Amino acid sequence: MDDKLYKFMNWPRIEGIVYSEENDPFGILGPKQVTKSQVLFQMFYPGATRAFLHILDGKEKGSFTREMEMVDEAGYFAALIVASSIPAYEYKVVTPDREETFEDPYAYELSYVDEKFLDAFRAGTNNRLYEKFGAHVVYRDGKVTGTCFTLWAPGAKRVSVVGDFNHWNNLRHQMQQIPGTGIFQLYIPGAGIGDHYKYELKIKGDVTFMRNDPFAFSLEPKLEGASVISDELTNVVNYKRTGTRKELIPQMSVLQLNLSSFGKNEDGSYLSYGEMGDKIIRQLQQFHYNYVELSPLMEYIEEECGGFQTDGFFAPTSRYGSAKELQQMIAAIHEAGFRVILDMALFHFPASEYGLNNFDGTCLYEHLDPKRGIHPRYGTRLFQYGKPEVRNYLLSVVMFWVTRFCLDGIRLDNVASMLYLDYERAEGEWLANIYGGNEDLDAIGFLKENNAQLHKAFPDLITIAEADTTFPGITDEGEDGLGFDLKWGESWANALMEFMRRPSGLRARCLNDLTLSSVYQYAEKNILGMSNYIMPDGILSLTSNLPRPGGREMGSLDLWGNIRLMLAYETFYPGKNMLFVKDPDTWPEEFRTFIAALNGFYHQHPALYEMDFDPEGFRFINALGNIYGCISFARRSQKEELIILCNFADRSATVDIGVPENGSYKELFNTDGKEFGGSGFVNPRRKSCMEKTTDSYPYTLRIKIAAFSAAVFERKSLS
């Protein structure tokens, strides 16, 4: 080795590069002005047999090429040139199977993450980590020049970026650590859109393993799949938000879809995002829903989880197309006049080998103790909400989807498992909080903060908690509440389903099971959804679960009458209505007509939605039923009052119900209409009241009602 070159060699640090134990590769690799007139170049390319330094604009000697000296047989090369400043240059290497010319990543000083960003990261108040972390494509003069990679892995001694751009060589692109932060970063010239990549981490004990990027904007949807460089989600889409939550929530009806079942062709292949957008708009228009709720769209591996278990929280699933096409689908739904809610599961992630689990050799994202860190039902890992950096991560997930895809609402899945430390755990299987209680105080803090940030940034954004729990204040925006706009629980819908499963001859005796919810219905602002949890197979779940009256097989008339009654009761009862569907194109035509008419009727009558959360907007007339198994109640708004009668029995009846005011009553809607597939046992003419006390009211309305049906009446004054 040349003596002049030799004296500049830092052998311990060279060894650190060769043996991949160096977390400050910029301290040795790349160009260094070692004297006023000399520049030292050092480069590491494992497997290379020769290396050349191409000087592109040397001021002293112009352009020239010099072969570099192999300092270490592992592929470490160095060259010393005469120059008073660092010139533009590139490397060329020769390996047994290729020659390659490339820019040096260690020629670029990194200042990608500034101190203000880091301060917010440490404090747990940074909800836009995705703007810096992950793989961000860099442009120059309109062309991609490379990609900047940023990763948080404080437990790692060394991190390398490996991928298509370096032939999956695990040592070529060792990342620089920002001192005291656990954050690694590196700009790699030539790494471009569509390249696959992973991170290799080396931890204590010299153990190495691969991990996907927690901030990847694109992931392969397969086991052992890689992260993919993408720039489709770099820019915020312009979306003109209108209205406020107070204005938008009252008249809200939701069509819930899981795209993996809704968006399929007859041969089982998936529709594209564009094709699904057209289909969704068509269904919303036909059935008069004004919101569509989509199942989680983050990239996932296991089909069985339906998107509710993912490591790719920033990566839209590629099953149906690109992220840009998903943005276009949502934009088309907006253009048609509808709003979009997205389901998110932020309570857990899979115990997979390449994701967040044990990410840097430590429990970086999850709790260390399995009594807090492992979900008892799924075996998945639970987020550690008390760690500021993890809270940053989750806040950023929500902000990313809201801003990049212009969401109008989010629904957080399984909030109950976030709220309680003893959720589905037996005695001795959970750890109490610092006060000895079972509430997860860190998760509660996260949920409050998430709702507060979203509502401050987006006055029209609706936040929904899927929480089948009696935890108080879920929809309370006060200091003690969680701040959600709506609670999406299964208790009400489960009670309705259980009641409807009973033989119709027994229903009259147990109507109290159906009406018990009136005791607590105003404790929260509820969505009364017939959701995917209640009806996993959509309407088919109802056709296979409803009873056989009197021990006989339920005929088609009875079956669809029960289904219409059930959905009408949900729509007319206080609370926002929602229906999960798999594919409405498979429904009978009469049922399609019914759903369209039911929702159209809902939107035409403010009494059914305007005062959902006000006790003055609802009262039972007769909640105890009678020998016929009927119940009656009233719904009202500021300008309208409707009387609703529901017959849950298997025989038609003539029923007296009490009303407070005299007048004539007109039937506005009847689920037994022939156009809906019913028998047509309706009330075509107005009904006049009798001066007779019924149900503690001074006037009586006598109504005929078909088996398994609901009817709605409106009063007209006698004056």
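Quick caveat: nothing in here was measured; it's all calculated off a predicted structure. Residues take numbers from 1 onward in each chain, read along the sequence in its written order. Only residues with pLDDT of at least 70 are given local features in this predicted model, and only at 80 or more are side-chain atom pairs given and counted; all residues enter the totals for whole chains, interfaces and linings. The side-chain numbers reported here are obtained from all heavy atoms of the structure, hydrogens and water having been left aside.

1. Brief notes about the overall build of the protein
Then comes step 1: In this text, helices come from DSSP runs of H or I with a minimum length of four residues, and strands from runs of E with a minimum of two, each type numbered from the N-terminal end. For the protein, the helix and strand inventory stands at 17 helices and 36 strands.
Then comes step 2: Exposed residues in this analysis have more than 50% of their type's maximum accessible area, buried residues have under 20%, and partly exposed residues fall in between, with area computed by a 1.4 Å probe over protein chains only. Taken over 719 residues, the protein has a buried fraction of 59%.
Then comes step 3: A 1.4 Å probe and the Shrake-Rupley method give the accessible areas. Residues count as covered only by the protein chains that appear here. Accessible area of the protein: about 28,900 Å², with a carbon and sulfur share of 49%.
Then comes step 4: Charged side chains in the protein number 73 positive and 97 negative. The centres of these two groups are separated by 5 Å. Counted as positive: Lys and Arg. Counted as negative: Asp and Glu. His and the chain ends are not counted at all. Charge positions are represented by NZ for Lys, CZ for Arg, CG for Asp and CD for Glu.

2. Section: the packing of helix α6 (residues 273–287) against helix α17 (residues 589–604)
Then comes step 1: Remark: α6 packs on α17, axes separated minimally by 7 Å, with the N-to-C direction vectors making an angle of 70°. In terms of orientation, α6 and α17 fall into the roughly perpendicular class. The residues of α17 that touch α6, namely those facing Q283, Q286 and F287, are R592, I595, A596 and N599.
Then comes step 2: Counted by class, the contact of α6 with α17 contains three nonpolar, three polar and one charged residues. Lines fitted to C-alpha atoms define the axes, with helix axes restricted to the stretch in contact, and inter-axis angles between N-to-C directions lie between 0 and 180 degrees. Each angle is binned into one of four classes, with values under 35 degrees roughly parallel, values over 145 roughly antiparallel, values of 65 to 115 roughly perpendicular, and all other values oblique. Contact between two residues is taken to exist if any of their heavy atoms lie within 4.5 Å; hydrogens are not considered. Think of it as three bins: nonpolar holds Ala, Val, Leu, Ile, Met, Phe, Trp, Tyr, Cys and Pro, charged holds Asp, Glu, Lys and Arg, and polar takes everything else, Gly as well.

3. What about the side chain of R425?
Then comes step 1: Relative to the assigned elements, R425 resides in the loop between α10 (415–419) and α11 (441–457).
Then comes step 2: Here, a salt bridge means any Lys or Arg side-chain nitrogen found within 4 Å of an Asp or Glu carboxyl oxygen. Despite its burial, R425 remains without a salt bridge, the nearest opposite charge being carried by E429 at 6.0 Å.
Then comes step 3: A distance of 3.4 Å separates a polar side-chain atom of R425 from the backbone oxygen of K371.
Then comes step 4: Among all residues touching R425, those that are not within four sequence positions of it are P370, K371, R372, I374, H375, P376, L382 and W430. Under the rule applied, a polar contact is a pair of N or O atoms within 3.5 Å (in protein, one hydrogen donor and one hydrogen acceptor; residues adjacent in sequence only if both atoms are side-chain atoms).

4. Description of α6
Then comes step 1: A helix is expected to reach a length of 1.5 Å times the quantity of its residues less one. In a regular helix each residue adds 1.5 Å, so 15 residues correspond to 21 Å; α6 covers 21 Å between its end C-alpha atoms and thus fits that length.
Then comes step 2: On its buried side, α6 packs onto β17 (253–257), α5 (259–262), β18 (291–294), α7 (323–335) and α17.

5. Description of unusual backbone geometry
Then comes step 1: Phi angles above zero are rare outside glycine, and S20 is one such case at about 55°.
Then comes step 2: Here the phi dihedral of D695 falls at roughly 55°; this positive angle occurs in a residue that is not glycine.
Then comes step 3: Mapped onto the fold, D695 is located in the loop between β34 (687–688) and β35 (699–705).

6. Quick look at the confidence of the model for the protein
Then comes step 1: A residue's pLDDT is the confidence the predictor assigns to it, expressed on a 0 to 100 scale. When pLDDT is averaged across the protein, the result is 91; 97% of the residues are at 70 or more.
Then comes step 2: Considering only residues more than four positions removed or in separate chains, one finds that residues 549–553, a stretch of pLDDT under 50, has seven contacts.

7. Topic: the sheet that holds β17
Then comes step 1: A pair of strands is considered paired only if DSSP assigns at least 2 bridges between the two. If you walk across this open sheet you meet the eight strands as β27-β26-β25-β24-β21-β18-β17-β28, and the pairing is parallel. Of all strands in the sheet, those bounded by a partner on one side alone are β27 (526–527) and β28 (577–581).
Then comes step 2: As defined by bridge partners, strand β25 (residues 462–466) adjoins strand β26 (residues 486–488) across three bridges and the pair is classed as parallel. Within β26, the residue paired with A465 across the bridge is K487.
Then comes step 3: Strands β17 and β18 of the sheet are contacted by α6, whose axis makes an angle of about 135° with β18.

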